Structure formats: C-alpha cells, structure tokens
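Residue-level structure breakdown
Below are the chains, spelled out letter by letter.
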4 protein chains.
Amino acid sequence: MAKVFDAAEVAKHNTPESCWVILYGKVYDVTDFLSSHPGGAKIILKLSGKDATEEYDPIHPPGILEEELKPEACLGTVDPNTVSKDETPAKPQEPAAGPPPMQNLLNLDEIEEVATKQVSKKAWAYYWSASDDKFSKRFNNEIYRSILLRPRVFIDCTKCDLDTSVLGHKLGMPIYVSPAAMARLGHPSGEAGIAEACRSFGAMQVISNNASMTPEQIVKDAAPDQVFGWQLYVQVDRKKSEAMLARINKLKAIKFIVLTLDAPVPGKREEDERNSLVGASTPVSSGVKAAERSADGTPDVSGPGGSGGVGQQLFAGTDPSLTWQETLPWLAKHTDLPIILKGLQTHEDAYLASTPRSTGRALDTAPPAVHTLLEIRKYCPEVFDKIEVHVDGGIRRGTDVVKALCLGAKAVGLGRAALWGLAAGGPDGVRRTLQILADETKSCMRLLGVETVDQLGPQHINTRMVEQQIYDGPSALGPLRRAFRAKL
Amino acid sequence: MAKVFDAAEVAKHNTPESCWVILYGKVYDVTDFLSSHPGGAKIILKLSGKDATEEYDPIHPPGILEEELKPEACLGTVDPNTVSKDETPAKPQEPAAGPPPMQNLLNLDEIEEVATKQVSKKAWAYYWSASDDKFSKRFNNEIYRSILLRPRVFIDCTKCDLDTSVLGHKLGMPIYVSPAAMARLGHPSGEAGIAEACRSFGAMQVISNNASMTPEQIVKDAAPDQVFGWQLYVQVDRKKSEAMLARINKLKAIKFIVLTLDAPVPGKREEDERNSLVGASTPVSSGVKAAERSADGTPDVSGPGGSGGVGQQLFAGTDPSLTWQETLPWLAKHTDLPIILKGLQTHEDAYLASTPRSTGRALDTAPPAVHTLLEIRKYCPEVFDKIEVHVDGGIRRGTDVVKALCLGAKAVGLGRAALWGLAAGGPDGVRRTLQILADETKSCMRLLGVETVDQLGPQHINTRMVEQQIYDGPSALGPLRRAFRAKL
Amino acid sequence: MAKVFDAAEVAKHNTPESCWVILYGKVYDVTDFLSSHPGGAKIILKLSGKDATEEYDPIHPPGILEEELKPEACLGTVDPNTVSKDETPAKPQEPAAGPPPMQNLLNLDEIEEVATKQVSKKAWAYYWSASDDKFSKRFNNEIYRSILLRPRVFIDCTKCDLDTSVLGHKLGMPIYVSPAAMARLGHPSGEAGIAEACRSFGAMQVISNNASMTPEQIVKDAAPDQVFGWQLYVQVDRKKSEAMLARINKLKAIKFIVLTLDAPVPGKREEDERNSLVGASTPVSSGVKAAERSADGTPDVSGPGGSGGVGQQLFAGTDPSLTWQETLPWLAKHTDLPIILKGLQTHEDAYLASTPRSTGRALDTAPPAVHTLLEIRKYCPEVFDKIEVHVDGGIRRGTDVVKALCLGAKAVGLGRAALWGLAAGGPDGVRRTLQILADETKSCMRLLGVETVDQLGPQHINTRMVEQQIYDGPSALGPLRRAFRAKL
Amino acid sequence: MAKVFDAAEVAKHNTPESCWVILYGKVYDVTDFLSSHPGGAKIILKLSGKDATEEYDPIHPPGILEEELKPEACLGTVDPNTVSKDETPAKPQEPAAGPPPMQNLLNLDEIEEVATKQVSKKAWAYYWSASDDKFSKRFNNEIYRSILLRPRVFIDCTKCDLDTSVLGHKLGMPIYVSPAAMARLGHPSGEAGIAEACRSFGAMQVISNNASMTPEQIVKDAAPDQVFGWQLYVQVDRKKSEAMLARINKLKAIKFIVLTLDAPVPGKREEDERNSLVGASTPVSSGVKAAERSADGTPDVSGPGGSGGVGQQLFAGTDPSLTWQETLPWLAKHTDLPIILKGLQTHEDAYLASTPRSTGRALDTAPPAVHTLLEIRKYCPEVFDKIEVHVDGGIRRGTDVVKALCLGAKAVGLGRAALWGLAAGGPDGVRRTLQILADETKSCMRLLGVETVDQLGPQHINTRMVEQQIYDGPSALGPLRRAFRAKL
C-alpha cells in the first residue's frame, strides 16, 4: 500500500536537489525530471513542495504524467487534511522601493518607463525631456513599423550569431551606443557604466564630446579588444579641439573619431528651455537666439538674450564653418585615427563621403535613417561598397535593428535608449537594454532564416510603403559625379 | 353590435395556438396570420395578449390591417377601463449570472467580450492575453477593411451554399478551426468541445500539437465524414515526433498533417511572460532567451535564464533545423497522410511548396495572409492551380472570409476566435461563432451575386489600396524556377 | 447747444420705424441708415434704443460714423446718469422645452443632434440607430473630404441657380429625398411632411416601398409640377407587387419607378437587432438568419430562429431572384413609367444599365458612390451620355453635392438626412435641411465660378487621392461590349 | 594657508562686476570667466554668490575647473557652517496676473494659447473663433508636416540672413503680415500696433480692407523704408471703392494694392454665426443666405433671413461680378500702384495672372498654398519667372516658411498668427511672433546649408508625399496658352 505523507513533509523538498510536488493527491519526486522538463526547471521549482494540481491540470493532456515519469517517481499519497490551500496566490507583493529587477523588464519601453520614474526624483529631470520634437521622434520609429519582414521557412536556423566588425575591429553585435551627453545625470557610474555594460557584449561605444566624464576615465577599464569611438564637435577655437585630439590620440582603446556635422546650430529644444525657467527670476529668450549669437557674434534684433537650457550650453562654441575642403585635411593633421562623418541625411552627401578625396572612412546617417538608406540605394548604391554606413535614431526593437541592417547599414546606434538603461539600473540597466535587443535581433534573424548579419539584405524586407516617400526631386549627383571623374 | 372584452380575457390568448392582440381599441385574433406575417411570428407573439397599438402604428401604413386580415379576425372591442398601460416596458432585466444566451451575441467581438469576462474570473486568465503583438493583430484585421467588395446586381441569388472540399474531403463550409493550444483553459470540454461544434457544420478542425487533450480523446465522437488535421511541431528529439506520428496514423478521422514552419523559435509573448510573474518570488528573464537556450544549447551572455510563461513552455524542444531537403522525406517515411505546410509568408516559399519535389499537398499562409496571397498572384499565380492555399489570421467577419476566398484561398482558418467561442459558451459558443460567420459569408456572397464559393474571384473585390503595399523588391523566383527546370 | 435725452426716452425708439442708438454719449437716429448698413439692419435693431458703444467701437474705424451719417442724424447727448449698464449681456437664456428654432441650426450635424434628442424620448428610438455599419458610413462621407475643390477667380458669379431636370422633369435643385422608410417614427406628418418640404423647393422625392403612409396619402397635396418616384422591392409573391404597381400607375404625381437591386438580402443591422432585445424575454437570433429563411425557405443549421429587428421585418418577402433577362420585361408589362435602377456599384453593371436592351432610363449608385462614378469615368464614360446617374449616401455638405455633380451625377439623394430633418422639426426641419444644402451648394458653385449645375465638371475638383483607390482588377467590360455589339 | 570666507561675504559678489561662486567648498572669483563661459554668462550669474556645486557637478567632467580657471581665481574656502542650503529651489513662483513675459513664449502655439486666455475675458471672444473650418485649418498646416527637409552637411553656415525684396522694395525678412480684420478687438493698439512690430524687423504688412483703424492711422509712424500694402475688396458700389483708392494713393507708405478674389461670397463661418446668437432674442438664419441676398438681391425661398455674425457684416456689399476683362482695367484707371491678385488656387489662374495682359504684378495663393505652388511647378513653372508668388495660410514654424520658399514662394504671410501675437501682448506680442519665426527660419536655413533666401530651392525639400495629391485632371492650360499666343 502507498505511503501517506503529511503536506509539511512534502514542503521540505523544494530545492533542485530534492524536488517533490503533489498532483491529484499523489506525491511525486521530480528531481530527476527537472532538467528534461520541456518548460524548464524553474516553473517546477516554483511549485516544488506544494500541490501543483490546479496549475498543472488544464495545460497538460491526461496521461502525459505517466508517460514522462518512471513509476517509482510516485512516492505515495498526501494526507488531504494536511494540505492548506493557498488562498491568495495571485496577490502581488508590495512594490519595493527603487527600480524593479532589470530582468523583469521585457522591452525598451518598460526600461524607459522605469528610468523616467527614477530620474523624476531628481531636480535634473528636465534634462531628459530635452529631446527632439515629438513628430520626428515618432516618425523615426514609426517608419520602422511600416517596413514588413519577409520570413522564410525550412531554413536551418540552429546557429545564429551577431558577430560583426566595424572599420576592421571585431564586435560581438551590430548594435552600438552612440554619443549621448551627460550620462552622470542619470546614474553616478556615468559613461564608464555604459562602457562596463558594452564590455559584456563586445559592443562598441562612441564617447560624447559632452560626456560628464573624461575620455580617460571612461576607457580606464576597457577590455583589450573593446572598441571605442570619440565624438568631436569642432570648436570655434580650434586650439581647444586640437588639444583634445592630442589627448584622444594617446588612448589606445579609442579606434576612430566621429565628426558630428548635423548640429552646426543646435536644434530648438523647447522642453529643455522651458525647464530652465523653473526657479529663474528673469525671463529667458529662445534658445535659438542664444545659439545664433555664438554663431555669428551679432546681437539679435529683439534685445537682451538669455542663456538657454542645458542643451544650449553644450553646443555653445561649436564651429559652424566646417567644409569638405578645409575640415578633413585639418583633422588629418591632428590625428591618424579613421574618421566617421556623423549626421548625413542625403544621398548627395553620402556620395561625397564615399569619394577617395574625403578622408572619411564611414558615415553615420541622421534621422530618418531609413530614408537616407533608401535614398542611397536608389541613387548611388555603390556607396555601400565603398564605405561603411551606420545608422542612429528610432531603434526600439530587434526587428528595427534587422531592418536597418537589411537596408545596408553596417551597425545600428542607440542613443537615448542607452541613457534610459543607465538611469533605470546603472550598468545592469544598459546590459539589460543590450540583451533585450540582442535577443530580439537573433529571434528575428531566425524567422528570416538567416545565420549571420552579413546575410541580411533587401530581399528580407518589404519596404514598398516607405519607398513612396523617398525623394525623387532634382539630384545634385550628376554634377558631383562629373566633377569627381574630371578630377581623377 | 361588437362584443366587448376585458383586457384580462385578451391576455390569456398569448400563444402560437391562440394569439390575440389589441389594436386601436379593437381585439383581433391573429393566430392564422402568424405564419404569413412578413416580419415573422415572433414579433407578434411578443405582443400577444396585449395592446400593440403603440408599437404597430408608426411603422404600418393606414389600411394595411384591413388588407391583410379577414373581417372575421376582428372579434370586437376592448373595455378601455380594463387596459393597464405597461409603465416600464423598456427597463432592462437584472443581468443574470454567467454568460448571456449565445444567440444574443451578434458578432465575434461580442463573443470575445463575453469570453474575456468569463475567463477573467480564473487564475489562468493570463494565458489568453498571450497573443501576438497588438500591431500585427490590428494590421491583420485592418487589411481586410481596406479591401472593398464589388457587389453585382440582377443576379439570381436564391440559392447560395458554402459547400467546399479540402484535399478531396467534402466540407460544409470553407471555414475551419486552426490549431490553437490549451482549449481546456477556456472550457472543460476543451478541444473535444470544438470538435462537437465543428460536427454540426461539417467544418474541419486542425488539432494543435499542444492540445490539452489527446488526439484520441478529441476525435472520439467524430462523425463518419468529419475531417481533422493534426498539427506537428517537429521535436529536437525526433523519436518523440515519430512516436506521435505513429499514434496519429491510427486515427482514421485525421486526414492530414499540418507541419508548422513559422515558429522555429517562438515569437516574444510579453503579456504571457509578464503574467507568469504574478506571485513569483524570483525574477524571470525574457522568454526569448529561454527559447534560444533550447535552440542552440549554449548559455546566454547575461547569466541565469528563466522559464518564461506558458507560451514558452509549449514551444520548448521544437527543432529549429528543418529544411526542404531533409524534413519532408523524413516525414514521408513516418506517415502516408498528406502534408500541409503551415506558416509560409513569401511567394518564394509558396513556389517551392508547389513544386512536385515538395511532398506538400497544400500550404497555409501566416499573417498577413492577404499580402502573401497577393504576392503569389503577382509573382507566381500558377501556385493556386497546383496546390491548395489556406489562410489564417485576422478573420472577424464573413466579408473577411469572402475576401480571402476571392484572393485564391481554398479555406479560411479561425484560431483565437474559436477559443473565444469555447470560453464564452462551450460547444454552443463555438457553434455560435461558426453560425455567425457562415451567415455573414452567405449574405456577402449573395450581395456579390455568387452561389458557390468556387465562383468567387478577384473580380469581386477591389484590392487597389493593398496592392500598393505588396513587395516589389528582389525576388528569388527566377533562380528557383531555373533550378527547378534544370532538375526536370 | 445739443439736446440732452434720458435713456428711457431713447429706449422707446427701438423699431424699424424709429431706431435710435447711443454711441460715445451721443444719441443718433439711424432709421434711414438701417437699409444701407453693410452689416444688415438686424444687428442694429438688436441694439436699438440702447447704448451700442461697446459693441460698435472695436470693429469700426474712427471717423466712419461721420462718413456714413448725415450731421442731422445726431440728435444730442444722453444723460449719463440715466444709462444703466446691462450687467449680464452674454448670459444664455434658459433652454426652452422642445427643439430649438430650425433657423438656428447651421448644418446637418446639428439637425441630426437635435433629432437624436427628440426621438430618444420615444420608445422607438432604436429604429433610428439601425443604420449601416459605422465603417461604411464614415467612409462614404470621408471620401468626399478627400476630394479637393479647385476654385477659380475673376469669374462673374452674380447669378447662380440650382435648376436642373431629371428624366425630363424640371426641378428646383439637384438634391432629392431618396427612399427612406418609416418616416412617421420620426414625426407624425411622416412622408407627407417630407413632400410638403420638397414642394417649397421644387425638389424631387422618392417614396419608400416601406413608407409608413400610403402613396396616395403622400402625394395628395402635390403641386402640379411636383416630381415623385416610387421605390419598388419586388416581392416573392409577384401578384402583390403587380397590384401595388397598378395603384402607382394611377397616381399622376409619380413620374418613375425606382427598382431597388442592392438589398436582395438585407444587410446585417446589429444595432437594430440589439434594440429589439429590450424588454424581450426570449433570445433572438441573428437577423441574417431570419432573412435567409425567407430567402430560401430552408431552416438554418442552428435551430430556432428569431424575428430580427424592425429592419428585418421591412425586407422580409423580397425576391432575391431578379435578373436582367426576366425582371425588366416583367416590369414593363405592368407599368409604362420609366425605371431607375437603384443600387449599382460597379462599372460593369452601369454599362449593362446603359445598353438599349435594358429598359432602365437612369441608375442610382450605392455607396461609396464616388468610387462608382470614378469607375464609370475610367472604364466606360459613355454611360454618362446614355443615361442619367443619380447618387446617394454620405452627403453632409453642399460641397459634397457639388463634388458628386462634378463627377457626373445628375442628382444627389438624401436618405437619413431628410429623416433627421423631419424628426428635428417636421416639415420645417426638412425644409431647413434642404435650405442649408442649397445655400452651401450655391456658395460652393460661386467659389468655383460656375452659374449653373450643368457647367460643373471634373476640372473643378482634384480627385487625385481617391483615384488611387479605384478598382483596376479584371473587368468584365470587354466581353460585355463584344456581346452587346454581336447582338446589334 | 587658504583664506576662509563666510557665506554671507560670498553672497555679496553676485553681479557681473564681481561674481563669486562656491564649488566643492572652495570660493572662486569667476568675474573674468563670465564672458568666455561656453554656456553663457547668465547661467553663472543666476548662481553667483551661492554654492553652485549641486548644479555644476553632474554636467562637468572632473578637472575641467582647473583647466578653465587660473590658479589665482580660487580665493579660499567657505566656512561650511555659514552655508544654508536653499531648500525649495524648484518651487515655481505664483503666477502673476495678466499675460506672461512674451520672451517666455517659445512658439506660436504658446502665443495663441496666451492670446485665447486674454481675449476670452472679453465679450468679443467669439469673434476670434470665427475661423475657417477645422478640416481646412488642420490640412493647411499638416501639409507642411508631410514635407521633409533635406539638410546638407559641411557647408559653412556662419553667415545667414533673411533679407529679401517684394516688388522691388527691400525687406528684412520674407515673412509678412497678411490682411486680417479688426485688430482692435484683440488689443487697443490695433493695426498700428502690428505696424510698430513690423517696423522693428523691416517686415511688410498688408492692411485689411476691414481694418478697425483708418489706413492713415496705421501708417502714421511708418519708417521711411517701411513697406505696406492695402487690401481691396471691390464694392458693388464702385464709387466707394474709387474714393477709397484715392485716399490710398495719397499714402506714400502704401506700395501696392492687394485685390482679393477668393471671397466673392463669404465662406460659411458657423462659429461666428453661433456666437452672434448669444443674448439675441430672435433667431438668425444661415450667414450664407445673408450673403446671397446681398449678392443677387433676391430673397431666399425660406423667408426672412438674418444678419449673420461679425464676419458676414464685413463682407456685405462685396462685388461678385469681377472679371479679368473688366476689373483690372478699371483698377488701373484709379491707381498707379502695382496690383497683387490674392486668392488664386489653380495653375490656370496663376498662368492667367502671369500674362502681360493681366496688370497683376504678383499673386498670393489661397490655402492650401502648397498644392497651388506644386501645381504651378508641375504645369507652368515659367510663372515663377514672370511674377512673384506669395503664399498665406497654415504657417506655424520657421520650417514652414522655408518649405514655402523652397517651393517658389517669394514671401510668406501670417494672418491669424499676427492677431494672436497682438492679443497676447500688443506690439511686443507681434514682435515675439516675428522673432520666433525669424529665428526658426534662420536655424532651418543653416541646417540646409543655405545663406540667403534666394538660394532655397526644390532640392532642399522632399515633397514626394504631397505630390501624390496634386491635381492631374483636365487642364485648361493648353487652350489658354494657345489663346495667349494667338493674341500676341
């Protein structure tokens, strides 16, 4: 006759070493079965030592228990009088102070939500709202939604990896952290915290010109093969930029310079300006005005200007007079590092960047990157063969990463998303951000039947809807090509 | 002189056997008229024994009463003092406990609403929220909204029937229940309850690989001509799949195998994962990670993974290494049943499925099915002549069914809709679901001037708006066709 | 020295015969100026006898008073102590019971709103909600919004009139009331009330087959040149239809028959069915089922059916077996009146209707009429030369009327809008509806530089956005044309 | 040893002449650094005399303090016991009565919001709601949103100015104030207040025919080179118009006449009419009716009409009979000023305006101006070479201004926006409006790599999405061109 157990006795066996469960009044030892449970060990361990019938029954066909377990796994029955029903199994626990465990966050929106709550406790919250206008932000992301995937079937997708390279440097994933300023506002570990997270994945990081830590501090603990870039805003006072380049040249972890071209004058960041009014006793003027003053040195028509918000401070002093003819040669004099041109939005500029006369070795498009990629493909696809194209902006999902790679991008940058990760959980938050995107990217590649990132191509996506938006007006490309050939 | 009745006397005649009504102070015996009332008997019976003047008057032209009734039907007048006005005719009754009568539900949205309330009372509610992401779900349905019907006039539509066949088996309607897991979560009758409902309509049912009942239990009460398919996810441990196929081969009600190809790795089901956190004391990781582990056997970068939600459990162990070359021959060795390939989304894969070398006999597209159908029509319409194409996903109305059939589908599958029906009212709820769609489908066919489902074609719908979304990038079809011809 | 008046004295002069106002402390007699005030007399009369300074000042340039009035119009000054400021000039009056004056309603939406309130007090309110589904209703109207007008300048638009003709009968406007059932539900004057309103404008009215009054009652007070049509649903019992036609043939005010073709089976009117549940003690089935039973005489699979809502009652008994070959000849045997075919939605059917073998003399498209008109123009524009095309559905503004006329329609029908007008204010409400649309239509014609409705053409509208939706699939027109020529 | 300061001592140095701050417990004299701080002096002055550590620390990399300041700038340390933390630094001040300082308003929406609050305190508020219908208003603005910019990089944008000219008159910006009636309703300074603001920027102003001040009053304080236009609605009584022209001819500040063509009958302004009902004791009729009466002199069908709202009053008496043949020659007899034709919406009318027979010297399109510009470019781009094209309507951002200029416009008009500015803050509010747009326009030009407004062209914008809406129906241009050539 079968042995009868007290529930209290069963309850002791709730570890991976000895795991019992009660099912239909019987007691089973499922310790050996843990590793082969199709649903994983954890779901069983959660119920170990308890009556699991209610959760087990409606999702398992009858008879499967006998099929999967050996007869001797059934130890006996439980004394029903000793079993106390858990009356409140679904009651959520009291929310703990501080952020939730990073592992519980399932996508980038959730991370942003947690980060927003964390930083809203600080007076600096306003910095974070200083983003580009809502239309652009939404457009940059929605344009990925309007590209459809073309999954293929019957392709062995057992293997799938994200390895790639940038400018000859091996990387663990085609996702990098693009320059984002003032990381310490979000978390005390700052840009070094981001570097720590990137190290875990072999991910590349571009250090902002306006970082809240010095480049030396950020790369201090770099792994031997870790790849950094450094973002340069050329200052009106070139001596300052040259001194900075001299410092950068000494840091072996920094493999290239990112020359930012799309903010010769800062965009208008109204949220930022508005927040700088808090507690201020004097009215402030439009940030645009402040920028113009520093740009051309002449006062505005309407009288006394203001200081603008944090965003304005960061860009003050940037040189608006950069040109193809002057700037790249100057830069070549002060560094041997390869140059990535950041902020290109037209096929004409992409073409110029790809000509040998440009010392650029890669380019990084500005939003909407999808448009720029499709413009290049339409007008001058040879650019993809000559230089690497990186894109930046609007990435929220691994499918977005895949779509950008299919369109010809070599790597895909995260800006604000990395900062949200840092603010949500420090280095662990950035790691979680990268992990989610890596997981989603691989899942998507498998659906497409693709093993490596360089196999991704236009045949894997349907861009029909976006193509109807791509520029088809007058192109400067013809004259540019003729001029280039004439100079050969 | 006319007889004068008490209202109480009139009130007794409120049955189909003796039906009196008061109109304009006169008492009429309308028993004989019940069957010929253009509006049907019920509306009269509802008012039988009562003064119907207020409801009768404003919708009937004067004089029609005399036209329709024989003079002797007027029995006399009613004593006005005996008539008591019903003061609260429109007050709704107290809502009863449990679901409303299924017959009161008029469309699939209402059934889903009722089902949601039913299952939300259970702890398992979270299972039902584990659906594909909201964007896809909405897109799959809205794409049907953007197809317009082209009704034709002056076509005799007295006759209209839904009879069709799949793989040579006669069916009562072109609507089938596609594989949907874990039906017993919604209703104790489970997949057998769905089978019972399908039996009433001659509708086909595909049994999920993850059914909460065994195939034997589900087909136990099958009618002699009832048609079942069985869905196969190929396991990494092929022996298990082979054993399962051996069991299936013995069930005569199962006429074909549906080989699922579009989930070599499971999609990310965030709602599902989130719900598995309720009451859990340890953080869980992204379900994607769990799936990857089972897929490639290597641990993830970020450390210990979790078990994921219910959805993750179901897919664990699925073999991601299926290929055209290996899998179909292996399958042919273990069953003589025809194979339907499920989850194709591109014209290239549809073409491959239609070649003689494929042992596939039909295919079932994945969402958005409308895109796949239009892609096939655009690039390789011959596929429709060679194999049957079934579609699945996004069906909410009979017009959706008709539109899919016009585009070339042979049969149209319901997934979640059948589960909602089951959860709302058990087998009766599924029957109601099928009845509503059948009624709507026939109504729509009549508007188009069509008597049988095989008369439906592209001339009956305007797909102009959707065509602007269909892929026109590089096609692998040319090489595929050449390769195929070379092998002939 | 100027005379000084008491405010009380001034207050007596508040009529068109003697109109004084106080401005800047002075008293003016503006009686003679009333007729020449650019803003009209009424605005002055509203302020007559009072101090108008506050309202006058900010909208009139200084000095214009002296320019416009003769010196003797200034009678003197007012004693400021006698002027009491009206403290609450802007306070709205208590809303009166019943509908507001019709003249205060400025567009069709406002009329619908008032009507909804009126009829919601009745138990029959539910009838009105029984409309086509919200998607179609919105689509039919929004499609007019996506057509842009092309106003022309420097064209003398002093004259502008709406005169037109239908089937040779002169009409005062190209707007008619299309058949709408059960008008007495909305207002006791019923369809005769609509006829009364149409008489004021020389507008055409088509009497519904399901009118709540007899045709004889509706046309009783017709003006000598008033134009009516009569809508025929062919009954399964043809004798009934023939008897009805015999009655119609005797009514000289009825100039044509409208044969309705687009509702061989009724659409599904869920709101209507739902409302028939109010107070009902037995479950009802889908209305679609009821219709099918009457259509093919066979019981449905799912057991006992119900009666459906009001809408279902009206359509019961309609013959679904009409054909080009049989029905028109039969009709010609029973009436000499011209036939308008109602409910055509494709260019193929429009072409068939325009061939001499059809005894049709005009056709009336079903929604979305804009699509049908553009389809005809694209595939067989000769149809417009051979027969008149009327359209119906979605009209909310005079610009909608103009757009339909530009696309080739000869007349534009109002369905529900006329019923809302009737429900809002009886015949006056319908008159207001027609007046608003007539005013808006003429305003729009003037903007386009057009004097008469037959000058309107495709050059006056930009349909580019809609054209991208027009059917371009397989057309049955080629075979139809060949067949037609072969028979010549 | 370093000197120790009391916080009170430090607090005295809070001016540009002597500016101290506390950082990390040390006291710095930053007076000399004020002018070279990349973030501007103001942000430092805000913190002068205080402990700035909390705000300084998280946005400056360590060590930068020593880099930027000379050693002697460090004066010593602060006695920590004397420093009192400011506990409520972020608490917003009590909102003051009246409008906020104009400088705090960052975009046109904010100005409109403030203006709405200001004027809502007045009984005349309803005047402001009398705008075109919401669909058009939204469409006119959203169409600018659907045009994308094409920023170019590596172009020296140090210089950037807005200078331009209209009809040979030099202007400080390509933005002008278009005719808007009744400015004194918004602010007592009225149209003269707008003129004052335009003077600060060298901006052009067109005076409304319905201004609430006389032209003489408006131009009284004009600068020697200030440019005004005057808007003419031709009256039915031509003598009045001729008298007015005689007055205008004498005003040297007025450089041209704007002949308004797009309102021969006023549009329907329902909000305006509705508001005229407030406090009225008699019902009013549709304003359309009132307009028609004055237009053709015949009474309407439906009996007594009303006076309509304010909008109706303004347009009463306008002559609807203008033609190319009659009106321009008549006008030429009464003025030597150049004529701008206002309200053109089609390429046909634009072409007619550009022929030598027209005495027009420029034209001003009506909304949607973007459509008209693209229509001209598509059908008759030579128009841009022959006459100036001004546009009006829907401008909310400097990017909108730039887009219109890229499409070929010579100048861009603000209507309601100027009135909102005036209502928000009088002349300062209009100045703020113009300043914001000027700043935004220059910022956008710099992003495009453009120094002067005449460099802007179609290559700077992507209009692909809008082009799909441009008219491609029958054009009257062919016959017009032939007729024009025949007359040469």
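Residues numbered from 1 in each chain as written. Chains lettered and ligands numbered in written order. Predicted model: local features only at pLDDT ≥ 70, side-chain atom pairs only at ≥ 80, totals over all residues.

- In the annotation of an unreviewed UniProt entry, the entry for chain A reads L-lactate dehydrogenase (cytochrome), and the organism field reads Penicillium daleae.
- Under the Subunit (unreviewed entry) heading, UniProt states for chain A: "Homotetramer." (UniProt positions renumbered as here; feature names shortened; annotations may be inferred.)

1. Brief notes about the overall build of chain A
- Summing up its helical and strand segments, chain A has 21 helices and 16 strands in all.
- Within chain A, the proportion of its 488 residues that are buried is 52%. (Helix = DSSP H or I, 4+ residues; strand = E, 2+ residues; numbered from the N terminus. Buried ≥ 20, exposed ≤ 12 C-beta atoms within 10 Å, placed from the backbone.)

2. Quick look at the pairing of strand 12 (residues 339–344) of chain D
All names here are of chain D.
- Within strand 12, six of the six residues are buried, which leaves it mostly tucked inside the rest of the structure.
- As judged from the four bridges shared by strand 11 (residues 254–260) and strand 12, these two strands associate in the parallel manner. Looking at the pairing, I257 lines up with I339 of strand 12.
- Taken together, the five bridges between strand 12 and strand 13 (residues 360–365) define a ladder with parallel strand orientation. Paired with I339 across the strands is G360, a residue of strand 13. (Pairing = 2+ DSSP bridges.)

3. Considerations on the sheet that holds strand 4 (residues 74–78) of chain B
All names here are of chain B.
- As summarised here, the arrangement of the four strands in space is 1-4-3-2, forming an open sheet in which the pairing is mixed. Only two strands of the sheet have a single neighbouring strand rather than two, namely strand 1 (3–5) and strand 2 (20–23). Across the sheet, the mean angle from the axis of one strand to that of its neighbour is 40°, orientation sign disregarded.
- One ladder, built from three bridges, connects strand 1 with strand 4; its direction is parallel. The partner of V4 across the bridge, within strand 4, is T77. (Axes fitted to C-alpha atoms, helices over the stretch in contact; angles between N-to-C directions.)

4. Section: the pairing of strand 11 of chain D
All names here are of chain D.
- Most of strand 11 sits inside the fold, with six of its seven residues counted as buried.
- Inspection of the sheet shows strand 10 (residues 228–232) paired to strand 11 by five bridges, in the parallel sense. Note on strand 11: the bridge partner recorded for G229 is F256.
- Since strand 10 and strand 11 lie parallel, the crossover through helix 10 (residues 238–249) that links them has a hand, and here it is right-handed. (Right-handed = clockwise from strand over helix to strand, strands pointing away.)

5. Some words on the packing of helix 8 (residues 190–201) of chain A against helix 19 (residues 416–448) of chain A
Residues and elements named next belong to chain A.
- Where helix 8 contacts helix 19, the axes come no closer than 9 Å and their chain directions differ by 15°. Overall, the two elements helix 8 and helix 19 adopt an arrangement that is roughly parallel. Viewed along their axes, helix 8 and helix 19 form a crossing whose handedness is right-handed. Here G193, I194, E196, A197, S200 and F201 of helix 8 come into contact with helix 19, specifically with A418, L422, G426, P427, V430, R431, L434 and A438.
- Of the residues assigned to the contact of helix 8 with helix 19, the class counts are nine nonpolar, three polar and two charged. (Parallel < 35°, antiparallel > 145°, perpendicular 65-115°, else oblique. Left-handed = near helix turned anticlockwise from the far one by under 90°. Contact = placed C-beta atoms within 7 Å. Nonpolar A, V, L, I, M, F, W, Y, C, P; charged D, E, K, R; others polar.)

6. Overview of unusual backbone geometry
- Positive phi is not limited to glycine here, since Y24(A) has a value of about 50°.
- Relative to the assigned elements, Y24(A) resides in the loop between strand 2 (20–23) and strand 3 (26–29).
- At L167(B), a position not held by glycine, the phi torsion is positive, near 50°.
- Among the structural elements, L167(B) can be located in the loop between strand 6 (164–166) and strand 7 (169–171).

7. Things to note about the sheet that holds strand 2 (residues 20–23) of chain D
Residue and element names in this part refer to chain D.
- An order of 1-4-3-2 is seen for the four strands of this open sheet, with the pairing classed as mixed. The open sheet has two free edges, formed respectively by strand 1 (3–5) and strand 2, since each of these has just one partner strand. Mean inter-strand twist for the sheet, computed between neighbouring axes without regard to direction, equals 40°.

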